[in-house]
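Each chain, written out:
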Amino acid sequence: MTLYMSSRMEVTNFQPYSIRCPAPPEPHASASTSSVPDKRRTIERLFEMGMFDKFPVPKEKAHLIGELSRVDECWNATRFDSLPHVVRILTSRNREGELEILKEQIDVVEEVVDEVVHTYHGGFNKAIQNYSQILRLFSESSESIDVLKDDLAEAKRRLSARNKQLHQLWYRSVTLRHIISSLDQIEGIAQVPARIEKLISDKQFYAAVQLHIQSALMLEREGLQSVGALQDIRSELAKLHGKLFYKVLEDLHAHLYNKGEYSSVASSMLEKDDEVPTTTAVAIVDGSFRMGSINGGSPYDGHTDNGSSEPNDEKLNSGDGKDGRALSQKIPVWLFNSTPDEFVETIKKSDAPLHVKYLQTMVECLGLLHKVPAAGALMCQRLRPTVHEIITSRIKAHAHFINSSRSGIDQVTRTGTTSLQFLKGQLESYQLSKQKRQNGMSLAGTLLAVSPVSPVMAPTGKSQVAAKELLDSILDCLVRIFGNHVVVGELIESKSSLQSDMRNLRPMSTDGNFDFEASQVIGRYSIGFSLTVLQSEIQQLICEILRATPEAASADAAVQTARLASMGPTKEKSDGSEDGLTFSFRFTDATSSGPNQGANLIRQGWKKGSNVLQEGYGTAAVLPEQGIYLAASIYRPVHQFTDRIASMLPKRNSQLGNDGLLSFVETFVKDHLLPTMFVDYRKSVQQAISSPAAFRPRAHPNATYASSIEKGRPVLQGLVAIDFLAKEVLAWAQAMPKFAAELMKHVQTFLERTFERCRTSYTEAVLEKQSYMVIGRHDIDKLMRRDPASACLPSAPVQLNVRNCSYESFSTDVESELSDLLLNLRPIKQENLIRDNNKLVLLASLSDSLEYVADSIERLVQVMPVSANQMENGMPSRTSSSPSQALTSFANEYRKLAIDCLKVLRVEMQLETIFYLQQMTHREYLENQDAEEPDDFVNLLAAQITRRDEEIAPFVAGAKRNYIFGGICSIAANASIKALVDIKSINLFGVQQICRNAIALEQSLAAIPSIDGEAIQQKLEHVRSYYELLNMKFEALLAFVTEHEHLFTLGEYINLLKVHIPGREIPPDALNQMKGILSH
């Protein structure tokens, strides 16, 4: 830099400033006036310093840098010798050219130097001027300091003569300043009561407490203790201390039960308000407005819609998280006038909901007032009456809402009376009239008569729904309240532990003795005590809903309640058996077992609440009916309430949720509801299956079978009732999943007794009857299982173990074998048949009803609660058979009995056919005229088939109806063909008579819609073809046999030769000829 400055000064002919001469420099000469030798020296120095490496040359003159690079390096030598260059030019042939080149290089260098000087000249000149100014200022300052030193020395000399007098003046000024400060403080303290009153009226409680504490500490100073004028101020502050305490306590109490301005309920209402999407809290402080929230959002943040006490962090966790954090950093409205301190900063930085911050502020106020134990005692005292009042008010509001919503309906339906029983009766009669079935039977009337509970008390009745809705509403409200108690309880427990050493201090107000005495008698306020009282009130409400007798209450409950209330919150139990509470039907007051000291005063305080509790809650105005069966609708809300409470409890208090209200409800259900339910339903089952109409089939004569019971399926009344009771018990099981296994055992018992009753009815209908004995034979049962007709039976697979034969041939073989076995039972006696058609109808109806119940049981198994299958008494079931397996086995038993009923009916009709057709044997068919009418026994058989079909048709489906009557045709055909061997003689008219019998039987069977008429015609046409062979001569018969040797069997062809026909000639070797033809 120095070299550059020196070079610059040489170029511009400047002289450096002298330190002795700070005057401004002379104006510099222009670069253009400098001599050529000076410029040349400057250029040489610049080349030596490398100043041409980075010239400040404009872009339009960038070519100068290239021109400089072409200058020979010899021009940059330190000892420049111009002689060689002169000699070279003189000896050059082109002297003018060489000189021109040198001139051009000189012009380039000069132009570059001009650009450099032009660029750096102004700054350098200004720097020199600044240096001159600095030197001048330094010189002036040095002179001023010398003068100041002289002045200070003179002042010191003069003041040293009056040192004592100055000290006195200084001391006097300090004293006066202190007096003025004290007077200002006294004046400020005199205004404190009014300021505190103003803050209290504005609900700035924390600021009021801060001001009160600061004023109290100021009055305790040494200088102000002797001021007599401040005694009145001390008295007013003492009164304000008590007033402030009660105001804070009242506001805390209001917010504790969600009745305050910043409570969680108010926060939720503001969040749900669609008409006011933005809410801004505004506080008027000293005549100015202050905003309590930003971003146009609500400052309230409380419970969510499902009643949980978790903070609403949607704004903090969503896309507008920055806005949420900014909102959380704002000071709440109630702390606007407070002095910033650690607590205020904590509240500002906290992300807790607004109502939690407010509760923290109120407890902090109590802690600053040293009133935490007293506040806890008063909150304990007011807890039970307040909870009772809240429950009662909720019930009244619910009742008012119900009455207002029904007022329009009541005005239309009432005819002079408004009693609940009248409305109930009208409703039941209306339901009965609506549920009339097509066959004339009243299903609703049957079910209402058999159920042990009224329609409103049924699992889906109005009382159950109303009780669940009411309890859900109340428990949701109490969960919110308990969330506040958890917050306040934790804060009070922490404050109480910090202030435990201050309880022996003398209180400022006269009411302090009562507070500490009350706190000792009532016990310390804690989360456990709050939970106990809440559960106690809920338990009494449940007892009123269930109509549980108060005399059944246990004294141990009150003892345990008081014990828990008096326990320290941080004490851990050494015995795990003491965890939780053992509830009975009702709780007594928690203070009844407290210490004797002050007990009378506290009992008087509780006496009013006890009287209120004895008045009840007024649930009768909401519930159509009360009773023990409402425990089913109570179980699930209580279970959910317990889970929510357990999730809200701190870890150190988690054992409080292990027992209590849920244990009471479960014990009540196990010890009272389930035994009562079992007895009631056992009576109902007994009544349903033992009544005369239980197993009496009823249907219209012309009614058709319906597939569903709603459309008129004629299920037996007793089985309909049992099915309804089983479904009702399953509904109870779904309402109480924990006890589903026990309730399913009740269902098993009901179904078992019903099955025994059905088997008894079945046995009475078929006792000592041949059809019942026949189906019990192993060979016949095996063939009936193989019969393709059995495919229509429920869960009855047909055993088609046939490989090389068609379905028709297999069916014919099975029918032929069954026919042979049944025909071997001849002669059939009439007393061995079921002659009473009512019994046959009963069997048909019983079969269909059993199948209906079996299907219903399977549906019950599918919708059975998981706990009933997998859990038993809270543990996985390891038994060999679960309730679902047991019910499935019952369904199989019901189906087996239903199949037996159908088999009896099928065999009975076959035996009935054999009974009538066996009259063909051992008689002569020698008629003397054409057959116009069938035989009497055929008419009787056809009439019997038609009559029984008409009576059975409404009770069985078409496929089963075909199964019952479908075996008649095959047995009639086989019986008619085999009867030929026992006919003594027959003529042409006799053959016509038998053919006429076959036609009549065919017409009778074809009238049954479910039977295949083509199959009937084919089988009976086979009979007619067989008997018409008797009209052929022997030679024609042999020719027919030759052509149709497989149409009939060998025995059937031989029987054609054995029967005596007047006028027919049979050669002696006819049998041999027939056998010879059939043997080929």
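Above: the structure in question.
I will try to describe carefully the structure that is included in this document. Remember, it's a predicted structure, so these values are computed and weren't measured experimentally.

Cut-offs applied
Residues numbered from 1 in each chain as written. Predicted model: local features only at pLDDT ≥ 70, side-chain atom pairs only at ≥ 80, totals over all residues. Heavy atoms only, no water. Helix = DSSP H or I, 4+ residues; strand = E, 2+ residues; numbered from the N terminus. Buried < 20%, exposed > 50% of the residue type's maximum accessible area, 1.4 Å probe, protein only. Contact = heavy atoms within 4.5 Å. Areas by Shrake-Rupley, 256 points an atom, 1.4 Å probe, with all protein chains shown as cover. Patch = residues over 30% accessible without salt bridge, like charges linked within 9 Å, V, L, I, M, F, W, Y side chains within 5 Å. Salt bridge = Lys/Arg side-chain N within 4 Å of Asp/Glu carboxyl O. Lys, Arg positive; Asp, Glu negative; His and termini not counted. Charge placed at Lys NZ, Arg CZ, Asp CG, Glu CD. Core = buried A, V, L, I, M, F, W, Y, C linked by side-chain atoms within 4.5 Å. Phe/Tyr/Trp six-rings, centres within 6.5 Å; stacked < 30°, edge-to-face > 60°. Lys NZ or Arg CZ within 6 Å of the ring centre and 35° of its normal. Expected span 1.5 Å × (residues − 1). Bend = angle between axes of the 7 residues up to and from the residue. Disulfide = S-S within 2.5 Å.

As a further point, take the overall build of the protein. Along its length, the protein carries 40 helices and six strands. For the protein, the residues scored as buried account for 46% of the 1080 residues in total. Put simply, 79% of the contacts in the protein that link residues at least 6 apart link residues at least 24 apart. Looking at the protein as shown, the accessible area adds up to about 55800 Å², and 52% of this sits on carbon and sulfur atoms.

The next point concerns a negative patch on the surface. Negative charge collects at one region of the surface, where E143, D146, D150 and D151 lie side by side. Relative to the elements of secondary structure, D146 occurs in helix α5 (residues 95-159). Residue classification places D146 among the partly exposed residues on the basis of a relative accessible area of 43%.

Let us look at the nonpolar core. Among the nonpolar cores identified, the biggest contains 239 residues, and M736, I986 and Y1027 are the most heavily contacted of them. Sorting elements by how many residues they give to this core places helix α33 (residues 883-917) first, with 18 residues. With sequence-adjacent residues up to four places away left out, M736 is seen in contact with A631, A632, Y635, V669, L673, M677 and L743.

Taken as a whole and judged by the stated rule, the model has 16 aromatic pairs. Geometrically, the ring pair formed by Y762 and Y772 is edge-to-face, given 5.9 Å between the ring centres and 75° between the ring planes. One end of the pair, Y762, is in helix α27 (residues 740-766); the other, Y772, is in helix α28 (residues 770-775), and 10 residues separate them in sequence. You can call Y762 buried: its relative accessible area is 3%. Owing to a relative accessible area of 33%, Y772 belongs among the partly exposed residues under this scheme. An aromatic cluster is present here, built from Y1026, Y1027, F1048 and Y1053 joined pairwise through their rings. Over the ring of F245 we find K371; its NZ or CZ atom is 5.1 Å from the centre of that ring. It is R923 that lies over the ring of Y925; its NZ or CZ is 4.1 Å from the centre.

Looking now at helix α24 (residues 631-648). With 18 residues, α24 should cover 26 Å at 1.5 Å per step; its first-to-last C-alpha distance of 25 Å lies within 8% of that length. Residues A631, A632, S633, I634, Y635, P637, V638, F641, T642, I645 and M648 constitute the buried set of α24.

The next subject is a nonpolar patch on the surface. On the surface, a cluster of nonpolar side chains totalling about 350 Å² of accessible area is made up of L83, V86, V87 and L90. If you trace the backbone, L83 turns up in helix α4 (residues 83-91).

Moving on to α5. With 65 residues, α5 should cover 96 Å at 1.5 Å per step; its first-to-last C-alpha distance of 93 Å lies within 8% of that length. Considering bend angle alone, the principal kink of α5 is centred on H121 and spans about 40°.

Turning our attention to the state of the cysteines. For the structure shown, the criterion picks out zero disulfides. Sulfur of C758: no disulfide; nearest cysteine sulfur belongs to C901 and is 8.7 Å away. Residue class for C758 comes out buried when judged on its relative accessible area of 0%.

Now for unusual backbone geometry. The phi torsion of most residues other than glycine is negative, and most of the peptide bonds are trans. With an omega of 0°, the peptide bond between R826 and P827 qualifies as cis. Relative to the elements of secondary structure, P827 occurs in the loop between α30 (807-823) and α31 (837-862). Of note, the phi angle at K203 is positive, near 60°, even though the residue is not glycine. Residue placement: K203 occurs in the loop between α7 (192-201) and α8 (205-219). K203 sits in the partly exposed class, given a relative accessible area of 40%. Of note in the backbone geometry, H370 takes a positive phi value of approximately 60° without being a glycine. Within the element layout of this structure, H370 appears in the loop between α15 (354-368) and α16 (372-413). By relative accessible area, which is 41% here, H370 ends up partly exposed.

What follows deals with the pattern of salt bridges. In this structure the tally under the stated criterion is 27 salt bridges. Across the pair R382 and E250 runs a salt bridge whose closest N-O atoms are separated by 2.9 Å. With a gap of 132 residues between them, R382 in helix α16 and E250 in helix α10 (residues 231-256) connect regions that are remote in the sequence. For R382, a relative accessible area of 27% gives the class partly exposed. A residue is classified by how much of its surface remains accessible, and E250, at 41% relative accessible area, is partly exposed. One network of salt bridges, in which partners are shared, links D476, R480 and R644.

Shape descriptors only; they carry no functional weight alone.
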